[in-house]
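Spelled out from the first residue to the last, the chains are:
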Amino acid sequence: MKISVTWLKEFIAVEADGAELAERLSFAGIEVASVEPAVPGFQKVVVGKVESVDPHPSADKLKVCKVDAGTGALLQIVCGAPNVRAGMKAPVILPGGQLPDGTAIKLTQLRGVDSSGMLCSARELQLSEEASGLMALPDDAPVGQDLHEYLGDDEVIEIEITPNRGDCLGILGVARELGALYDLPLKQGTVPAVPAAIKDSFPVQDQAPAACPVYGSRIIRGLRSDAATPLWMRERLRRAGLRLVHPVVDVTQYVMLELGQPMHAYDLKKLFGGITVRMAKQGESAKLLDGESHAFADDMVLIADQGSILGLGGIMGGLESSVQAGTTDVLLEAAYFTPAAISGRPRRTGLMTDAGYRFERGVDPTGQARALERATELILKIAGGQAGPVTLQPDPTKKSALKPILLRRARLGALLGIEIGDKEVERILTRLGFQLKADKQGWNALAPAHRFDIEIEEDLIEEVGRIHGYDHIPPLQYPARHGMDRLPEAQVDLRRLRQVLVDRGYQEVVTYSFVDAKLQKRLHGASGLALANPITAEMTEMRLGLWQGLLKALHYNLSRQQDRVRMFETGLRFTLQNDEIKQENVVAGLVSGPQYPLQWGEAQRAADFADLKGDVEALLALAGISGKLKAEKATHPALHPGQAARLSFDGIELGWMGALHPGVAQALDLSQSAYLFELLLEPLLRGRTPAFEPISRFPSIRRDLALVVAEGVSAAALLEGAREAAGSLLQDIRIFDIYRGPGIDSGRKSVALGLILQDSSRTLTDEDADAAMARVADRLRRDLGATIRD
């Protein structure tokens, strides 16, 4: 939510700038995302008046305008805006000025006609996304006045509200917080009632009181069709990030921002019979304000009349009954929908609205009449008309269900670690709107209606602590025993594992455990555990692996011209086995782009499968199993059919590595290839105890063996067979050459093995070496169809 500091100070007389207010709010537990100037940093932009508009002699879509910018002589400006007309006032950037994006404006010619400056749209000044024409200013805007000065200096604080603090989703709520922090009273705590000038009201039947306990409405007739939203309101809505729609709709949005109560306006002439608040029937549908037809489930609240569905309660109104340019009679709605009735519905329908956002977190269940009075006051000022009485369904005099909570002094001191005086406690809670009654143990506190998050004593203690200031609680040194962690010698520390990857150029990332179901199906060929209440429509399942998060991060980096990417993550993957959730710790990595940073000593080349395998073997070396790694050619939905390997050792399934499947890369809109691995962590952390082995005093013998085998024979199979056949004499074995070409039959390859033979108790003879090599050749011939190459 974006808050105008100037608007905020209309509610509380606090002498502080945006930076200080942001700091105080942050320390009080309300996260501040940013503090920005309300008007962007353009230069030499003033209020101008278009005196005349003539056709351009050489361009049909351009106009030659004479503009009074308060400089004395009229400026000639070539303009292509479709709404430019004589007599209108609009922003003018003078020669030598600068737009917010850094574009400098100079004297120039457009199609042969001199142009001295530029008439501006709101988008060009970064004041809104509106770009259909010039930004029209009110007729009373003073010509020549600097636009910064005319719009008013202000700052905008953007806050991010936690789900329990829905009361702060309005200027009034934030002002209450600052009143407690600065010990200041509210300047606008109440809203005056607007007397009814007509007796008209609209019948309402609430058939879903559990979902909608309060439904308030009011009729206003005789609105001026030519009414326009005043500049001050337009600016405040813009600074809050909302777009203009219609004066009546703008007022409902303004009241929502001010008081935190969502509202809706219907064209009264399009309503039939009476309003009915009811639960939807499965499969019912209606076209809403987004222009799309939406189907509803039976746990959703609908607002309907006798003829049609008027909207999805608490989320979005219907298109057919919406306020339009010619609307003169309206029905204002201000209802209270319970969080349980709204929660999850915006994500399921894809309708993430400001109203739904607030109702999910909770609004003041007693604030509907106040919002209707405030909206009526503003509408009558802007568009005229006559208002009927405010009606609330059901009876608003029903007693509150809130009960006092006992706050004990002893408990307060025990949890906060400091003693806070009674007067300070009473000041804080009173400023926050609590009603206090003294008790011998402390106080009985009755929470105000807008603080529906206060339920237990600890909630009250949190309120006292955060307003008193956590930064004012002195640090204390507590005695503690210190000892070294006991780590078995055979166990590998996870920090060590991470450090190996960091040393090899990787950066650690942390991604969400919730992932997109469609992409997960593509990557793993299976669906994951579905979430009952996903946080977004794109994060509906628990992840089956870590690759999806890494690929999303790769796309993010490539979109920002970071073409050399190395990332890894450790975390849990979640699978469902025998109706139980199985959680496995894994480490996954991704490599994309050049193998080395740009340099003079090494030619640029892209990382490949062998580079990835080297990184994997470095991890396995910590556990002492790199020599036992078995990589078998296999297929995986996420990996390239010819560059995918299933990894294992000693019969233990370890994981996968390979090149990303081209189809997946195309689906993710990746501009370059990537290589991935994912390994179970538990075998990597198990390790083995180092054992001493003496170095043999006797010389070793090297023998080479060139074999011709079928293309499908893997290196792992050759090495494993040679090791078993050579026995204890074999100290090391390497593949040092692979050849395909003349002299080798099609479908076969020549593989050269180098074997190092050595005994620890004697010098080997040629006969010993020949016998070992014969065993190897015979074993590979029998098991793998290998032949000795001449």
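Details of the structure are given in the entry above.
Residues numbered from 1 in each chain as written. Predicted model: local features only at pLDDT ≥ 70, side-chain atom pairs only at ≥ 80, totals over all residues. Heavy atoms only, no water.

**With respect to the overall build of the chain**
Within the chain, the secondary structure is distributed over 21 helices and 38 strands. For the chain, buried positions account for 48% of its 790 residues. Pairs at least 24 apart in sequence give 69% of the contacts found in the chain among residues at least 6 apart. Accessible surface computed for the chain: about 39,600 Å², of which carbon and sulfur atoms make up 50%. The averaged location of the 103 negative side-chain charges in the chain is 2 Å from the averaged location of its 89 positive side-chain charges. (Helix = DSSP H or I, 4+ residues; strand = E, 2+ residues; numbered from the N terminus. Buried < 20%, exposed > 50% of the residue type's maximum accessible area, 1.4 Å probe, protein only. Contact = heavy atoms within 4.5 Å. Areas by Shrake-Rupley, 256 points an atom, 1.4 Å probe, with all protein chains shown as cover. Lys, Arg positive; Asp, Glu negative; His and termini not counted. Charge placed at Lys NZ, Arg CZ, Asp CG, Glu CD.)

**A word on the nonpolar core**
Ranked by internal contacts, the top residues of the largest apolar core, which has 75 residues, are Ile 159 and Leu 332. Apart from residues no more than four positions distant in its own chain, Ile 159 is found in contact with Met 1, Ile 3, Ile 30, Glu 31, Val 32, Ala 33, Cys 168 and Val 174. Membership of the second largest hydrophobic core comes to 37 residues, among which are Ala 211, Tyr 215, Phe 296 and Leu 351. (Core = buried A, V, L, I, M, F, W, Y, C linked by side-chain atoms within 4.5 Å.)

**Observations concerning the sheet that holds strand E2 (residues 31-37)**
The antiparallel open sheet is built from three strands, whose spatial order is E1-E10-E2. Each end of this open sheet is capped by a strand with a single partner; those strands are strand E1 (2-4) and E2. Between one strand and the next, the sheet's axes are offset by a mean angle of 25°, whatever the strand orientation. Where E1 meets strand E10 (residues 155-160), three bridges bridge the pair, whose relative direction is antiparallel. Of the residues in E10, the one forming a bridge with Ser 4 is Val 156. Each of E2 and E10 touches helix H2 (residues 18-27); the most contacted strand, E2, lies at about 175° to it. (Pairing = 2+ DSSP bridges. Axes fitted to C-alpha atoms, helices over the stretch in contact; angles between N-to-C directions.)

**Here's the deal with the sheet that holds strand E32 (residues 639-649)**
A sheet is described by the order of its strands in space; here seven strands give the open sequence E26-E29-E30-E34-E33-E32-E31, paired in mixed fashion. Both edges of this open sheet fall to strand E26 (507-508) and strand E31 (630-633), since each of them pairs with a single strand only. Strand direction decides the pairing type here: E31 and E32, joined by four bridges, are antiparallel. What sits directly across from Ala 631, in E32, is Leu 647. Its contacts with the sheet put helix H14 (residues 494-503) on E26, strand E29 (565-577), strand E30 (580-592) and strand E34 (675-680), and the angle it makes with E29 is roughly 135°. Contacting E30, E32, strand E33 (652-660) and E34, helix H17 (residues 609-622) runs over the sheet at an angle of about 20° to E34.

**Some remarks on the packing of helix H11 (residues 409-416) against helix H13 (residues 457-468)**
For the pair H11 and H13, interaxial distance at closest approach is 10 Å and the crossing angle is 60°. Between H11 and H13 the crossing geometry is right-handed. Touching Arg 411, Leu 412, Leu 415 and Leu 416 of H11 are Glu 457, Glu 458, Ile 461, Val 464 and Gly 465, all from H13. For the contact of H11 with H13, a count of residues per class yields five nonpolar, one polar and three charged. (Left-handed = near helix turned anticlockwise from the far one by under 90°. Nonpolar A, V, L, I, M, F, W, Y, C, P; charged D, E, K, R; others polar.)

**Section: the packing of aromatic side chains**
Each aromatic ring pair is characterised by the separation of its centres together with the angle its planes make. Applying the stated criterion across every chain, the model contains four aromatic pairs. When the centroid spacing of 4.5 Å and the interplanar angle of 20° are considered together, the rings of Trp 7 and Tyr 254 count as stacked. Placement of Trp 7 in helix H1 (residues 5-8) and of Tyr 254 in helix H6 (residues 247-259) is noted, with a sequence separation of 247 residues between them. The pair Trp 7 / Tyr 254 is uniform in exposure class, with both members buried. Between Trp 232 and Tyr 254, the ring centres sit 5.5 Å apart and the planes meet at 85°, which makes this aromatic pair edge-to-face. Here Tyr 254 lies in helix H6 and Trp 232 lies in helix H5 (residues 231-239), a separation of 22 residues in the sequence. Judged by its relative accessible area of 41%, Trp 232 is partly exposed. Exposure remark for Tyr 254: the relative accessible area of 1% places this residue in the buried category. Three or more aromatic residues joined by ring pairs make a cluster, and in this case those are Trp 7, Trp 232 and Tyr 254. Over the face of the ring belonging to Tyr 182 we find Arg 24, whose NZ or CZ atom lies 4.5 Å from the ring centre. (Phe/Tyr/Trp six-rings, centres within 6.5 Å; stacked < 30°, edge-to-face > 60°. Lys NZ or Arg CZ within 6 Å of the ring centre and 35° of its normal.)

**A word on H5**
Counting buried positions along H5 yields seven of nine residues, so the element is predominantly enclosed. Burial in H5 covers these residues: Leu 231, Met 233, Glu 235, Arg 236, Leu 237, Arg 238 and Arg 239. Buried residues belonging to H5 abut E1, H1, helix H3 (147-151), E10, H6 and helix H10 (368-383).

**Things to note about the pattern of salt bridges**
When their charged atoms lie close together, side chains carrying opposite charge are able to pair. Summed over all chains, the structure comprises 52 salt bridges. Residues Arg 224 and Asp 226 are paired through a salt bridge, measuring 3.8 Å at the closest nitrogen-oxygen approach. Assessed through its relative accessible area of 43%, Arg 224 is described here as partly exposed. Residue Arg 573 pairs with Glu 584 through a salt bridge whose shortest N-O separation is 2.9 Å. Residue Arg 573 is located in strand E29, and its partner Glu 584 is located in strand E30; the two are separated by 11 residues in the primary sequence. Here the two residues Arg 573 and Glu 584 agree in accessibility, since each one is buried. Several salt bridges share partner residues, and in doing so they unite Arg 165, Asp 167, Glu 177, Arg 451, Asp 453, Glu 463 and Arg 466 into one network. (Salt bridge = Lys/Arg side-chain N within 4 Å of Asp/Glu carboxyl O.)

**Topic: the pairing of strand E13 (residues 264-267)**
Side chains His 264 and Tyr 266 of E13 all project onto a buried face; the interleaved residues Ala 265 and Asp 267 project onto the opposite face, where all are buried too. When E13 meets strand E20 (residues 330-336), the two strands line up antiparallel, connected through four bridges. Counterpart to Tyr 266 in the pairing with E20 is Leu 331.

**Quick word on unusual backbone geometry**
Phi is positive for Lys 44, which is not a glycine, with a value near 60°. Mapped onto the fold, Lys 44 is located in strand E3 (residues 43-55). Phi at Arg 111 is positive, roughly 55°, even though this residue is not glycine. Along the polypeptide, Arg 111 turns up in the loop between strand E7 (108-110) and strand E8 (113-115).

**Digging into helix H9 (residues 354-361)**
Summarising burial for H9: six of the eight residues are buried, a large majority. Taken together, the buried positions of H9 are Ala 355, Gly 356, Arg 358, Phe 359, Glu 360 and Arg 361. Looking at the residues trailing H9, positive phi occurs at Gly 362, about 105°.

**Examining the packing of helix H4 (residues 171-182) against helix H12 (residues 422-431)**
As a packed pair, H4 and H12 sit with axes 8 Å apart at the nearest point and diverge in direction by 165°. Looking at the two axes, H4 sits roughly antiparallel to H12. Handedness of the crossing formed by H4 with H12: right-handed. Across the interface between the two elements, Arg 176, Gly 179 and Ala 180 of H4 pack against Arg 427, Ile 428 and Arg 431 of H12. When the residues that make up the contact of H4 with H12 are grouped by side-chain class, the tally is two nonpolar, one polar and three charged. (Parallel < 35°, antiparallel > 145°, perpendicular 65-115°, else oblique.)

**Description of a negative patch on the surface**
A contiguous patch of negative charge on the surface is contributed by Asp 17, Glu 20, Glu 23 and Asp 471. Examined against the element boundaries, Asp 17 turns out to sit in the loop between H1 and H2. Of the residues examined, Asp 17 reaches a relative accessible area of 42% and is grouped as partly exposed. (Patch = residues over 30% accessible without salt bridge, like charges linked within 9 Å, V, L, I, M, F, W, Y side chains within 5 Å.)

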